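Commentary on secondary and tertiary structure
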Amino acid sequence: MILSNELTKHQLAMSVPSFHGAEVLPVKLQKQVNDVIGEFKTAYGHGPDFVTRSPGRVNLIGDHIDYVDFSVLPMAIDNAVACAVRVLPNTEIPSVTLINSDPRFAQRRFDLPLDGSDISIDPSVSDWSNYFKCGLLVAQQYLKMRFADEFTPGRTLSGIEVFVNGKVFTGGGLSSSAAFICAVALAVIRANAGPKFEVPKQELTQITAKAEHYVGVNNGGMDQAASVCGEIDHALYVEFKPELKATPFMFPKLKNAEVQFIIANTMVLSNKVETAPTNYNLRVVEVTVAANVLATKYGVVLERVGNLEKGTLREFMDAYHARYHGATEAWSGDIEEGISRLTKMLQLVEDTMSGYSSGYTVQQASEAVGTSMQEFARDYLTDFPVRFQVLKLYQRTKHVYSEALRVLEALKLMLRKSFAADAEFFDSFGQLMNASQKSCDELYECSCPETDEICKIARANGAYGSRLTGAGWGGCTVHLVPRSKVNEVTQALVEQYYAKRDMNGQTFDDVILVSRPALGSCIVDGL
Ligand code: NG1
Ligand code: MG
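Residues numbered from 1 in each chain as written. Chains lettered and ligands numbered in written order. Predicted model: local features only at pLDDT ≥ 70, side-chain atom pairs only at ≥ 80, totals over all residues.

As paired elements, strand β4 (residues 95-100) and strand β5 (residues 108-111) share four bridges and run antiparallel to each other. Considered in β5, the bridge of T97 is made with R109. Across five bridges, the pairing between β4 and strand β6 (residues 160-166) is parallel. In the strand pairing of β6, I99 is matched with F163. (Pairing = 2+ DSSP bridges. Helix = DSSP H or I, 4+ residues; strand = E, 2+ residues; numbered from the N terminus.)

This is the structure we're talking about:
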């Protein structure tokens, strides 16, 4: 089964939508945009020129596989980061002033390099302005490339005054960081390229996808694709190969029920940058080493063009099929073909790695990829700092291939025209989400007791599927529920989970969201 062209051509050819005046925005977005305009005026004493906004996202299924180029299924949510912006006249020294409605993020001001050189980011300093700088930097590089004639060396960016209003939980797995960076990059492009330039969604996704690498997180591109390309009432099927592409899909029309997702924050804060050496970045290293262990064992050469340029598990899958099954082409994305290739991969993982279920030492891993320990350290352990006792290649690889398979099964359900009974959809999609949670917990070890507790409560009260979302280690959970069960599940979470905790001044509405898929990035002007 191949996705019909009608669907695949749909999405990324389009530009980021512009709305002329806050009144013409979808109703749900108006309040935040009006708020940030008001806050800007109070802070700066005059109005902004325009507002950019970009939403958070929840990933329904497919975690920790975007950075090895397997497809994922997120959706944008209503909660967004909005930036109100005024462009300084070019008679003034170009500077950036940042004010945030959240008091945790203090005001910042810095000058832009007068010679137009790239702004520098110090990843060893943990400050919210670093995320702003990531968005600014990728936008600057984009402008230099896209408008090579005008952005000649030596031309500086325009100075801006910015007010940020963020409504996406931070450290919560809803990608507040991606939402912020996408809103910033869009703002900087708009401030410098002017209102006539329509920003292509695909280009905005591509440039922001790697932006967090500048603050030391070796992430994939799912969050930015979801934030930029979100469409009301559609989940997004995001593919990374042969190129980054987000295709919107509606949930199947059921006879008597409506699909809803509840998002519940564990309130366990997961700081991705600080924990990266033992968590996120270590996982990226583990799956990269794993791809090379498999490649060595099966005598195939990895293309080394993937996310890490050291070979990915997806590249191994292609190389293996080329060598042993005469496949002349990389996996095209065809669902049945993908399921069959992934099933084969799971078998190879058993054959190759199950003897090492307690983990590979550096010596064992070096031998398995056929290098010295020094070469191994140079190749895999130096790009981003990591700390570990052993590398759990067996478990991590099994998670990646099985999770990639579950995403394809989920997409198959999305594409089905009808179900004998509504419960059939809920049961099947829910089972995939529950299996994903189990795999994240037991194999990828990125869950935590609080996530498990929330999932248990939700499932006992009417959720069909419950899992962590995003990187995990705390943060948010997502639950598949029919609309008729939303209140029951929400109530149970409040009574059995939140009521027992110190809410730190937050209300229940701050930690539980009921969201339908929402619109991605947009610009509001004509203010
Ligand atoms: P969160 O937890 O939302 O920051 C992270 C990565 C994604 C993806 C997921 C796990 C960033 C910006 N995003 O999401 O690319 O790998 O974890 O699926 O680090
Ligand atoms: Mg993040």
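Back to the write-up after that little detour.
What the domain assignment reports for the protein is domain 1 (20-267 + 517-525) and domain 2 (280-444). Here the C-alpha centre of domain 2 lies 30 Å away from the C-alpha centre of domain 1. The partner domain 2 presents 30 residues to the 27 residues of domain 1 that form the contact. Broken down by element, the residue count for the side of domain 1 that touches domain 2 peaks at three residues, all from strand β7 (residues 234-239). (Domains from an automatic or database assignment. Contact = placed C-beta atoms within 7 Å.)

With that settled, consider the site of ligand 1. Taken together, 18 residues lie around ligand 1, and D63, S175, N219, G470 and A471 are the ones closest in. Of all elements in the fold, only α4 (176-193) and α6 (222-229) reach the threshold of two or more residues within the shell around ligand 1. Grouping the amino acids of the shell around ligand 1 by side-chain chemistry returns five nonpolar, eight polar and five charged. (Near = placed C-beta within 6 Å. Nonpolar A, V, L, I, M, F, W, Y, C, P; charged D, E, K, R; others polar.)

The step from K241 to P242 runs through a cis peptide bond, and the omega angle for that step is -5°. Relative to the helices and strands, P242 is located in the loop between β7 and β8 (245-250). Located in the positive-phi region is D233, a residue other than glycine, with phi close to 65°. By secondary structure assignment, the location of D233 is in the loop between α6 and β7. The exposure class assigned to D233 is partly exposed, which follows from the 14 C-beta atoms found within 10 Å. (Buried ≥ 20, exposed ≤ 12 C-beta atoms within 10 Å, placed from the backbone.)

The topology assignment puts L174 in the loop between β6 and α4. By C-beta crowding, L174 is classed as buried, having 28 other C-beta atoms within 10 Å. Taking C-alpha positions, L174 is 8.7 Å from I77, a pair spaced 97 residues apart along the chain. Residues within four places of L174 in sequence aside, it is in contact with G56, R57, V58, I77, N79, V168, F169, G470 and C476.

One broad trend across soluble globular proteins is that nonpolar side chains are buried collectively. Of all hydrophobic cores here, the largest spans 158 residues; its most connected members are C83, A183, V184, A185 and L186. A total of 13 residues in this core trace back to one element, the largest contributor, which is α4. Counting contributing residues per domain, this core is built from domain 1 (20-267 + 517-525) and domain 2 (280-444), each supplying no fewer than three. For C83, the residues in contact, after removing those within four places along its chain, are V51, T52, V162, V164, A183, V184 and A187. (Core = buried A, V, L, I, M, F, W, Y, C linked by C-beta atoms within 7 Å.)

Read across the sheet, seven strands follow the order β1-β13-β2-β3-β6-β4-β5 without closing on themselves; strand pairing throughout is mixed. Every other strand in the sheet has two partners, leaving β1 (18-20) and β5 as the edge strands with one partner each. Strand-to-strand twist in this sheet, taken as the mean axis angle between neighbours without regard to direction, amounts to 20°. (Axes fitted to C-alpha atoms, helices over the stretch in contact; angles between N-to-C directions.)

With that out of the way, let us pick up the UniProt feature "domain: Galactokinase N-terminal" (unreviewed entry) in the protein. Mapped onto the present numbering, the UniProt feature "domain: Galactokinase N-terminal" (unreviewed entry) falls at residues 39-86. Counting secondary structure, residues 39-86 comes out at 12% helix and 54% strand; the distance between its end C-alpha atoms is 13 Å. (UniProt positions renumbered as here; feature names shortened; annotations may be inferred.)

Turning next to helix α9 (residues 313-324). In this model α9 runs 16 Å from its N-terminal to its C-terminal C-alpha over 12 residues, within 8% of the 16 Å that 1.5 Å per residue would give. Those residues of α9 that sit buried are L313, R314, E315, F316, M317, D318, A319, Y320 and H321. Contact partners of the buried residues in α9: α8 (280-297), α10 (335-353) and α13 (393-415). At the C-terminal side of α9, G326 shows a positive phi close to 60°. (Expected span 1.5 Å × (residues − 1).)

Quick look at the sheet that holds strand β11 (residues 476-482) now. Spatially, the four strands line up as an open sheet ordered β10-β11-β9-β12, and their pairing is antiparallel. Looking along the sheet, the strands with just one partner apiece sit at the ends: β10 (465-468) and β12 (512-515). Within this sheet the neighbouring strands show an average axis-to-axis angle of 20°, counted without direction. Sheet topology note: the β10/β11 ladder contains four bridges and is antiparallel. The residue of β11 that forms the bridge with G465 is L480. With respect to the sheet, helix α14 (residues 422-442) is in contact with β10 and β11, its orientation differing from that of β10 by roughly 30°. This element, helix α15 (residues 449-460), spans β9 (259-265), β10 and β11 of the sheet and lies at about 165° to β10.

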